[in-house]
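# Inside the fold
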Amino acid sequence: MAKHGEEAHEPTASELEVGDGPKGWAAGIPGVTHSMGPALAQMGPARTAKTVMKLNQKDGFDCPSCAWPDPHHRKTFEFCENGAKAVTWEATPLVIDSAFWAEHSVTELRGRTEYWLGQQGRLTEPVYKPAGEDHYRPIPWSEAINVLATELNSLESPDEAVFYTSGRTSNEAAFAYQLFARGFGTNNLPDCSNMCHESSGWAMGESIGVGKATVAFEDFERADLIIIMGQNPGTNHPRMLTELENCKLNGGHIVAINPLPEAGLRRYKNPQKVRGIIGRGTDIADQFLQIRLSGDMALMQAVSKRVLDAEAANPRTVLDHDFLDHHCQGLDKLREHLSHLDEATVLEATGLESSEIDELANRYMAAERVIITWAMGITQQKKGVDTIKEIMNLLLLRGNIGKPGAGASPIRGHSNVQGDRTMGIWEQMPESFMDAVGREFSFDPPRHHGFDSVQTFEAMQQGKVKVFVALGGNLVSAVSDTGVAEAGMAGTDLTVQISTKLNRSHTVTGAAALILPTMGRTEIDIQESGEQFVSVEDTVCAVHPSWGNVEPVSHHLLSETAIVSRIAHAVLGEKIDADWIGFEKNYDLIREHIARVIPGCENYNQRIRREGGFILAHGPRDTRTFPTPTGKAMLTVNELEYLQRPAGTLILQTLRSHDQFNTTIYSNNDRYRGVHKGRQVVFVNAADLAQLGLKDGDYADVHGVHDDGVSRVMRRCRLIEYPTTPGCVAAYYPEANVLVPLSLVAEASNTPVSKAVLVRLEKVAAPAPANA
């Protein structure tokens, strides 16, 4: 077993290398070499074969990165570049030994980058930082759990505790975790959905009554048209590119709507096909609309207006009247509202030409089966909820809900973030769920809403949160307003992180802090009743089992389910009718409860053992039934709003580099955008650079432009001339989170608005050469 000790090189600003702009294609042989090279180097041939060959297989484990669904018929290599990197990152045999904690203080670790922290290896033993000390020290599991139990049971109110969850948590661990929190007496259950697809849930819930995708996996290759909005599949969920390729090969068309040209939306070289190795590959986007940030709502309204105008010119030839008459309401109000839409306002908001919008509308009206798919480029806008309601309006007008090859497809970005919600991880679960869980475990759950992720830090600022527990994740880095987030976390009495590897949230602690090391999804989980498996739900509502298949890196590790069960038993005892000791021994016991509490999960233990698992029922998708208050899908009226840009300012969006998953940094490179050995950069249109008196290669401080009187600055960033939408710039997440005020959130969903932030650039001196 390898121990920590090798320093991960952290390049200085002067070492940054910038290439010739965005690449024109994605994947191909480089995708294979960049995924398998690190795997072989870090895990060796045997462990690499055991992991990647079982990745996303029916008898293997679910990828711990994105939530892209698996096909019914799996290929031998059912993974992508970033999936392989995620497995390498988790299954590495490199571990942090006991000496590490004496060598490195918390203060020193706080000065390290996310990349360096992640490269130190797997956590293998519980560690504790007492109040007033600056070092973690190893302690036994029993002592660690007792520290947490004592602190929780001493609180004046259960609502002084917050229980956060990352999307990689299994269904079994998530169900046990929310049961523990509610048994303790709080609904403070924020999760990573609060910061990504919360807007999708709110909007789709109002429109069709269900906040999940209305498509099945096979619908992508059946579609006549796929409209991709606010996402970069080539980096964030690369396996989607294969289904986009299948759509094109079957005669379908694809439209990409994005402020930046992305390699994966231009051309895809499938490494599992000859044409992807020695040929050109497949051109993906038939039309690319380079939209201005915050202009998506205006675009959707403009397309819907064109559809309605075409119907008016040729009655009963454009709209799906049978669908609208039987399954929808609100058409007349929508038609009246959009009749007043001003084209000049649309063009200003979108940055597009009328001819481009005409082309999109014509493509939409010519297609019988249309999928619109989106991600955080849409959800993380102030009007994200209303924008998604406009997406739903457009789909409903031509009956593109509840038929093969068509539908709404929010792409969840983390492996089981959707499953966690299904299991009850939400700060405002409906009364029906509370009634069911209360009956099942013989207690009265708290009924008041808890804190979401943003509200958690607002409560920390007010001194209302004393204990913070995180089941996975890296919330300090992931949430907006970095300075406020760190100050809030530092003001708590105890922070607890259940993790596989180090991240920044382990270095920004409460007065006291615990790190509880957990097994990864790749590892074999043996409990008293035998080998265990867990289950997950992907972005199209498919629930399937996940079996680890390599030996854990340490015999000291516990599974997430075991950790939650032990904490709950120590804190609650017999307060509620839950067999916590039995839950750890046999996960089937948890699934029996899931079957009786969660709608659609009946006979869970039997159905999850079927090959490939099962698919949750979905009324709008399966039967065109809509669980809204009226029983019909709702066409909604939404007032257009977009971000105005004062003179001297630019609109910033945050994004991931190619060698990154959420806050996990696999390297300091982004080969698709030509950036190497650094991340402190800003991508700027050439015209904007010239207007501001700047040039490619200059350095600038990036200042947030807000009216709350707080100074927010990202220091000394290399400016890169890049073909972004004029007036719009981009920078890497999480580094740019410092520029996003905690109060800057999407209406209704309270999601941080990280895709439309006003900034200004202030030139500074270039860094001194490294050898100066």
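Residues numbered from 1 in each chain as written. Predicted model: local features only at pLDDT ≥ 70, side-chain atom pairs only at ≥ 80, totals over all residues. Heavy atoms only, no water.

## Things to note about helix 15 (residues 331–338)
A turn of α-helix holds 3.6 residues, and therefore any two residues three or four places apart point the same way. The line we're drawing: For every residue, the accessible area (1.4 Å probe, protein chains only) is compared with the maximum for its type, and the residue is labelled buried under 20%, exposed over 50%, or partly exposed between those bounds. Runs of H or I in DSSP of at least four residues are treated as helices and runs of E of at least two as strands, each being numbered from the N terminus. An arc is given here, and it is the one of the directions from the helix axis to the C-beta atoms. Here, two residues are considered to be in contact whenever any of their heavy atoms come within 4.5 Å of each other.
When we look at burial in helix 15, the residues that qualify are Leu 331, Leu 334, His 337 and Leu 338. Here the buried residues of helix 15 occupy an arc of 130° about the axis, which is enough to place them on one side. In helix 15, the exposed residues that point more than 90 degrees away from the buried face are Asp 332 and Lys 333. On the buried face of helix 15, the contacting elements are helix 13 (296–313), helix 14 (321–327), strand 11 (328–329) and helix 19 (384–397).

## Here we look at the pattern of salt bridges
As a reminder, the rule being used: By definition here, a salt bridge exists when the distance from a side-chain nitrogen of Lys or Arg to a carboxyl oxygen of Asp or Glu is within 4 Å.
Applying the stated criterion across every chain yields a total of 49 salt bridges. Residue Asp 283 is joined to Arg 280 by a salt bridge in which the shortest nitrogen-to-oxygen separation is 2.8 Å. For the salt bridge of Glu 528 with Lys 585, the shortest nitrogen-to-oxygen distance reads 3.6 Å. Separated by 57 residues along the polypeptide, Glu 528 in the loop between strand 17 (525–527) and strand 18 (530–532) and Lys 585 in helix 26 (residues 580–585) bring together distant segments of the chain. One salt-bridge network, in which partners are shared between bridges, spans Glu 206, Lys 383, Asp 386, Lys 389 and Glu 747.

## Here's the deal with the environment of Asp 622
If you trace the backbone, Asp 622 turns up in helix 29 (residues 619–622). With 406 residues separating them in the primary sequence, Asp 622 and Ala 216 have C-alpha atoms 9.9 Å apart.

## Quick notes on the nonpolar core
Our working definition: Definition used in this section: a nonpolar core is a set of buried Ala, Val, Leu, Ile, Met, Phe, Trp, Tyr and Cys residues joined via side-chain atoms within 4.5 Å.
Formed by 65 residues in total, the largest nonpolar core has its most connected members in Leu 152, Phe 163, Phe 180 and Trp 580. With 8 residues, helix 7 (residues 171–184) is the single largest residue contributor to this core. When residues no more than four places from it in sequence are discounted, the contact partners of Phe 180 are Leu 152, Phe 163, Ile 567, Ala 568, Val 571, Leu 572 and Trp 580. One finds Met 229, Leu 299, Leu 319 and Leu 324 within the second-largest nonpolar core, a separate group that totals 51 residues.

## A closer look at unusual backbone geometry
Following Tyr 733, the chain continues into Pro 734 via a peptide bond in cis, with omega recorded as 5°. Relative to the helices and strands, Pro 734 is located in the loop between strand 30 (728–732) and strand 31 (757–764). A positive phi angle, near 55°, is found at Asp 481, a position not held by glycine. Take Asp 481: it is sitting in the loop between helix 23 (475–478) and helix 24 (482–490). Given the relative accessible area of 5%, Asp 481 is considered buried. Residues other than glycine seldom take positive phi values, yet Arg 624 does so here, at roughly 50°. Its location among the elements puts Arg 624 in the loop between helix 29 and strand 22 (633–634).

## Some remarks on the sheet that holds strand 21 (residues 614–615)
Working definition: the strands of a sheet are paired by backbone hydrogen bonds and lie parallel or antiparallel to each other. To keep things clear, this is the line we draw: If DSSP finds at least two bridges between two strands, the strands pair. All axes are obtained by fitting lines to C-alpha atoms, using only the stretch in contact for helices, and the reported angles, taken between N-to-C directions, cover 0 to 180 degrees.
Ordered by their spatial adjacency, 3 strands build an open sheet running 19-20-21, and the pairing between neighbours is antiparallel. Edge strands, defined here as strands with exactly one partner in the open sheet, are strand 19 (534–537) and strand 21. Judged from the 4 bridges that link them, strand 19 and strand 20 (residues 542–546) form a sheet pairing that is antiparallel. Bridging from a neighbouring strand, Glu 537 pairs with Val 543 of strand 20. Its contacts with the sheet place helix 7 against strand 19 and strand 20, and it is angled at close to 90° to strand 19.

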